Amino acid sequence: VTALDISNMNLSGTLPPQLGNLSFLVSLDMRNNNFHGEMPHEIARLRRLKVLNLGINNLKGELPWWIGSFPKLRHLNLRNNSFTSRIPSSISNLSKLETIYLSFNPLQGNIPTGIFNISSLQIIHLMDNGLSGVLPSDMCYRLPGLSILDLSMNKLNGQLPSSALAQCSELQVLSLSLNEFGGAVPKEIGELKKLEELYLGINYLEGRILANSFTIRGQSQIK
């Protein structure tokens, strides 16, 4: 068995630790069910995984440290669950990761800076958590292919990194609304040629953006 897809089947119960015995699994898709409880650590044995999708369930507990144990993982989706605590720094070990969806969980603390070092990332969805702290000043320097960055509905603060955003030249969607960002709106945002949608609403930002090719949605608290 190299792929297990039991998504959208209205299944319930806890995740069986026997999943860890399916050592040849490349794709594990159990999204949109009613699984509850914690993720069994036996899943960490699935070293061949390229896809891990447990989104839209009722899983809880800490996001386990071993989530960074999948050297071939390309797609990680744990959205719409009840994972708590911090995003473990081990997540930066997922050197082939292309998409990460951790939205709609009560995660806390800073975003591990290692996430911004995974050069293969194309989509980052971390919206609607309790994440705090500032964005690193070099956050886009090692993300040449990033097309979607959604950090909205968190508690992030500080200034938006200006020169770093210019390096995200492939960005199509940038969503930072409903946070606590302050200071000036970086003029570099207007230089992102592929940007189609920009969400900066409900922050404490100042200034304006000259935008010709993308849509500005929402209203920031611009002084």
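Given the structure is predicted, the values throughout are model-derived calculations rather than measurements. (Residues numbered from 1 in each chain as written. Predicted model: local features only at pLDDT ≥ 70, side-chain atom pairs only at ≥ 80, totals over all residues. Heavy atoms only, no water.)

J.: With reference to specific residues and values, describe the overall build of the chain.
T.: Looking only at helices and strands, one finds one helix and 19 strands in the chain. For 223 residues, the compact-globule estimate of 2.2 N^0.38 gives 17 Å, and the C-alpha radius of gyration of the chain, at 18 Å, lies within 12% of that figure. The buried share of the chain, reckoned over its 223 residues, is 49%. Sequence-distant contacts in the chain: of pairs separated by 6 or more residues, those separated by 24 or more amount to 49%. Only carbon and sulfur atoms are counted for the fraction: they give 48% of the accessible area of the chain, which is about 10,400 Å². (Helix = DSSP H or I, 4+ residues; strand = E, 2+ residues; numbered from the N terminus. Rg over C-alpha atoms; globule rule 2.2 N^0.38 Å. Buried < 20%, exposed > 50% of the residue type's maximum accessible area, 1.4 Å probe, protein only. Contact = heavy atoms within 4.5 Å. Areas by Shrake-Rupley, 256 points an atom, 1.4 Å probe, with all protein chains shown as cover.)

J.: A description of the sheet that holds strand β2 (residues 12–14) should follow, citing residues and the corresponding values.
T.: Read across the sheet, four strands follow the order β2-β4-β6-β8 without closing on themselves; strand pairing throughout is parallel. Since the sheet does not close on itself, it has two edges, and those belong to β2 and β8 (82–84), each with one partner. The sheet shows a mean angle of 20° between the axes of neighbouring strands, taken without regard to direction. Where strand β6 (residues 58–62) and β8 come together, three bridges link them in parallel fashion. Looking at β8, one finds that Lys60 is bridged to Ser82. (Pairing = 2+ DSSP bridges. Axes fitted to C-alpha atoms, helices over the stretch in contact; angles between N-to-C directions.)

J.: Please provide a residue-by-residue account of the packing of aromatic side chains, values included.
T.: In the structure shown here, the tally under the stated rule is one aromatic pair. Where Trp66 meets Phe70, the ring centres are 6.5 Å apart and the plane angle is 85°; that geometry is what we call edge-to-face. For the pair formed by Trp66 and Phe70, the shared burial category is buried. (Phe/Tyr/Trp six-rings, centres within 6.5 Å; stacked < 30°, edge-to-face > 60°.)

J.: Which residues make up the sheet that holds strand β14 (residues 155–159), and what values do they have?
T.: In spatial order, the strands read β10-β12-β14-β16-β18; together these five strands make up an open sheet with parallel pairing. In the strand order of this sheet, the two ends are held by β10 (108–109) and β18 (204–206), each with one partner. Pairing of β10 with strand β12 (residues 130–133), which is carried by two bridges, proceeds in the parallel orientation. Paired with Gly109 across the two strands is Leu131, which belongs to β12.

J.: Mind laying out a positive patch on the surface, listing which residues take part and the relevant values?
T.: On the surface, Arg48, Lys50, Lys72 and Lys96 cluster together into a patch of positive charge. Assignment of secondary structure puts Arg48 in the loop between β4 (34–37) and β5 (51–53). Given the relative accessible area of 38%, Arg48 is considered partly exposed. (Patch = residues over 30% accessible without salt bridge, like charges linked within 9 Å, V, L, I, M, F, W, Y side chains within 5 Å. Salt bridge = Lys/Arg side-chain N within 4 Å of Asp/Glu carboxyl O. Lys, Arg positive; Asp, Glu negative; His and termini not counted. Charge placed at Lys NZ, Arg CZ, Asp CG, Glu CD.)

J.: Can you explain unusual backbone geometry? Please cite residues and give values.
T.: Located in the positive-phi region is Asn10, a residue other than glycine, with phi close to 55°. Residue placement: Asn10 occurs in the loop between β1 (3–5) and β2. One non-glycine residue, Asn32, lies in positive phi territory at about 55°. If you trace the backbone, Asn32 turns up in the loop between β3 (27–29) and β4. Judged by relative accessible area, Asn32 falls into the partly exposed class, the value being 33%.

J.: Give a detailed account of the side chain of Asn203, specifying residues and quantitative values.
T.: With respect to the secondary-structure elements, Asn203 resides in the loop between β17 (197–199) and β18. Engagement of the side chain of Asn203 in a polar contact is seen with the backbone oxygen of Leu176, the distance being 3.0 Å. Side-chain polar atoms of Asn203 contact the backbone oxygen of Gly201, separated by 3.4 Å. (Polar contact = N/O pair within 3.5 Å; in protein donor to acceptor, adjacent residues only side chain to side chain.)

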